[in-house]
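# Inside the fold
Residues per chain, in single letters:
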Amino acid sequence: MKPYDLPDARGHFGPYGGIFVAETLVHALEELRLAYERYRNDADFVAEFRYELEHFVGRPSPVYHAKRWSERLGGAQIWFKREDLNHTGAHKINNTIGPALLAKRMGKPRVIAETGAGQHGVATATVAARYGMKCVVYMGSEDVARQAQNVYRMKLLGAEVVPVDSGSRTLKDALNEAMRDWVTNVEDTFYIIGTVAGPHPYPMMVRDFQSVIGEECKRQMPQMTGRQPDYVVACVGGGSNAIGIFHPYIDVPGVQLIGVEAGGEGLASGRHAASLTAGTPGVLHGNRTYLLQDENGQVIDTHSVSAGLDYPGVGPEHAWLKDSGRARYEVVDDEQTLKAFHDCCRIEGIIPALESSHALAYAARLAPTLPRDRIILVNLSGRGDKDMHTVAQRAGMRF
Ligand SMILES: *Cc1c(COP(=O)(O)O)cnc(C)c1O
């Protein structure tokens, strides 16, 4: 297999990615690109990033054999990569540490972020506190109401949460507001994007920071099982936890990469967030990628039981991996997700995030079709503490 060297200098993954932004942002992106270029291989920067991952986040996260569940399913062996054990409960912290360290070196004492469910906002507020930076998080006012606990968390950590009242008052409106802030305050402000989307160099930079997940697996799986897995499975919202575990495996032959999108109430219902499976190429949030749009190019409202997968686009590298055939993308609906969530709780003693439960559901579908000596590695991207309310409500319980 050819060594994998994408994106190109202008941020293209084949026909995807690139930079589609207003003139006012071009300079800020160029400044970021140059800073990242300078520090990505800088020994001090890399050493500090590694140190923080070990001592603040708690890495490496273990790989874990879900033995009882595998036995019950009666086929392949399922292993989890335990990103749920990270500080703040998910993979997102990997990517807020890198940009915060970069911001410090660029002399920018203020970080901003946008957040939907609040997970990226919490991860950003966490590193801002850790490094003594000012932090502003934009959040649709609808989401502020729905995610009160994460809003309070961000405030405890010292962040200012700005509710956004325009449009549908959700993630995409918060994103526009964060962009506006960045243009106005670029002198002292670093914009931390929470997934592998946005204009170049964000998809590449976030991928690089998240690739620690797959790099660890590549060392851990041979230690634990004597070889690399046959399948690597991860849920896909914007695509950062999936790229993080996929990327180091891209040029390893024989490892099948499977991304799992949110099927919501089913593809036929139109209420889902399966951009790669049911979308078409177009431009969204500064890059060209697959997205859910109508025939006039209007972005369609998405739905998923897990707020973290509820995004109408997807990182451009996944678009390229899909078209090139190196990865394939499957869909799991809300019902199947909830079943996997409950099975994982009862059988393995682990309460997974609803996002991650999509990947678990697909693994549980795949495992019985395979011989017992096959290995499926699932990225357990986060823990489910944040989802208690949603799950209890679904079960008709008050919480
Ligand atoms: C945010 C989130 C996701 C989805 O984001 P990606 O960029 O697709 O990884 C998945 N799992 C968890 C636990 C999350 O918090």
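Below is a short write-up of the structure. Owing to the predicted nature of the structure, the values given are computational and were not obtained by experimental measurement.

Cut-off values and rules
- Residues numbered from 1 in each chain as written.
- Predicted model: local features only at pLDDT ≥ 70, side-chain atom pairs only at ≥ 80, totals over all residues.
- Heavy atoms only, no water.
- Helix = DSSP H or I, 4+ residues; strand = E, 2+ residues; numbered from the N terminus.
- Rg over C-alpha atoms; globule rule 2.2 N^0.38 Å.
- Contact = heavy atoms within 4.5 Å.
- Areas by Shrake-Rupley, 256 points an atom, 1.4 Å probe, with all protein chains shown as cover.
- Lys, Arg positive; Asp, Glu negative; His and termini not counted.
- Charge placed at Lys NZ, Arg CZ, Asp CG, Glu CD.
- Axes fitted to C-alpha atoms, helices over the stretch in contact; angles between N-to-C directions.
- Left-handed = near helix turned anticlockwise from the far one by under 90°.
- Nonpolar A, V, L, I, M, F, W, Y, C, P; charged D, E, K, R; others polar.
- Salt bridge = Lys/Arg side-chain N within 4 Å of Asp/Glu carboxyl O.
- Buried < 20%, exposed > 50% of the residue type's maximum accessible area, 1.4 Å probe, protein only.
- Pairing = 2+ DSSP bridges.
- Right-handed = clockwise from strand over helix to strand, strands pointing away.
- Near = heavy atom within 4 Å.
- Polar contact = N/O pair within 3.5 Å; in protein donor to acceptor, adjacent residues only side chain to side chain.

## Quick look at the overall build of the chain
A count of helical and extended segments in the chain gives 16 helices and 14 strands. Taking 2.2 N^0.38 as the reference for a compact globule, 399 residues should give roughly 21 Å; the C-alpha atoms of the chain span a radius of gyration of 20 Å, in line with that estimate. Here the C-alpha coordinates of the chain stretch approximately 60 × 50 × 45 Å along the principal axes. Here the analysis covers contacts within the chain between residues at least 6 apart in sequence; of these, 74% occur between residues at least 24 apart. Carbon together with sulfur atoms contributes 50% to the accessible area of the chain, which is approximately 16,200 Å² in total. Both charge centroids of the chain, one from 43 positive and one from 47 negative side chains, sit 5 Å from each other.

## Thoughts on the packing of helix 4 (residues 92-105) against helix 9 (residues 202-210)
Packing of helix 4 against helix 9 leaves a shortest axis separation of 8 Å and a crossing angle of 115°. Seen from above, helix 4 lies across helix 9 with right-handed handedness. Each of K92, N94, N95, G98, P99 and L102 in helix 4 lies in contact with helix 9, whose residues at this interface are M205, V206, F209 and Q210. Looking at the contact of helix 4 with helix 9 residue by residue, the class counts come to five nonpolar, four polar and one charged.

## So, the pattern of salt bridges
All told, the structure shown has 27 salt bridges when counted by the stated rule. Put simply, E216 and K81 hold a salt bridge, and the shortest N to O gap is 2.7 Å. Of this pair, E216 sits in helix 10 (residues 212-225) while K81 sits in strand 4 (residues 77-82), and the two are 135 residues apart along the sequence. Across this residue pair, the class does not change: E216 and K81 are buried. By sharing partners, the salt bridges in this structure join R40, R207, D208 and E317 into a single network.

## Side note on the environment of V136
By the secondary structure assignment, V136 is in strand 6 (residues 134-140). Relative accessible area serves as the criterion here: at 3%, V136 is assigned to the buried category. Residues V136 and R374, 238 residues apart in the sequence, show an inter-C-alpha distance of 46 Å. Sequence-distant contacts of V136, defined by excluding residues within four places in its chain, comprise R110, V111, I112, A113, E160 and V162.

## What to know about the pairing of strand 9 (residues 231-235)
For strand 9, the buried fraction is high: five of the five residues fall into the buried class. Both faces of strand 9 are covered, namely the face carrying Y231, V233 and C235 and the face carrying V232 and A234. Where strand 9 lies against strand 10 (residues 256-262), five bridges are found, and the strand directions are parallel. Among the inter-strand pairings, Y231 is bridged to a residue of strand 10, identified as Q256. For the handedness criterion, the β-α-β arrangement of strand 9, helix 11 (residues 240-246) and strand 10 is classed as right-handed. In this structure, strand 9 lies alongside strand 14 (residues 375-380), joined through three bridges in parallel fashion. If you follow V233 over to strand 14, its bridge partner there is V378.

## Considering the site of the ligand
Near the ligand you find 18 residues, and of these K92, T195, G239, S240 and S381 are the closest. T195 places a polar side-chain atom, nitrogen or oxygen, 2.6 Å from an oxygen atom of the ligand. Within the side chain of S240, one N or O atom sits 2.7 Å away from an oxygen atom of the ligand. When the ligand sits alone it has 380 Å² of accessible area, and the protein chains cover 97% of it. Taken together, the residues that form the shell around the ligand break down as five nonpolar, eleven polar and two charged.

## Some details on the environment of A319
Tracing the sequence through the fold places A319 in helix 13 (residues 316-324). Owing to a relative accessible area of 0%, A319 belongs among the buried residues under this scheme. Each residue touching A319, except ones within four places of it in the same chain, is listed here: Y16, L276, T289 and Y290.

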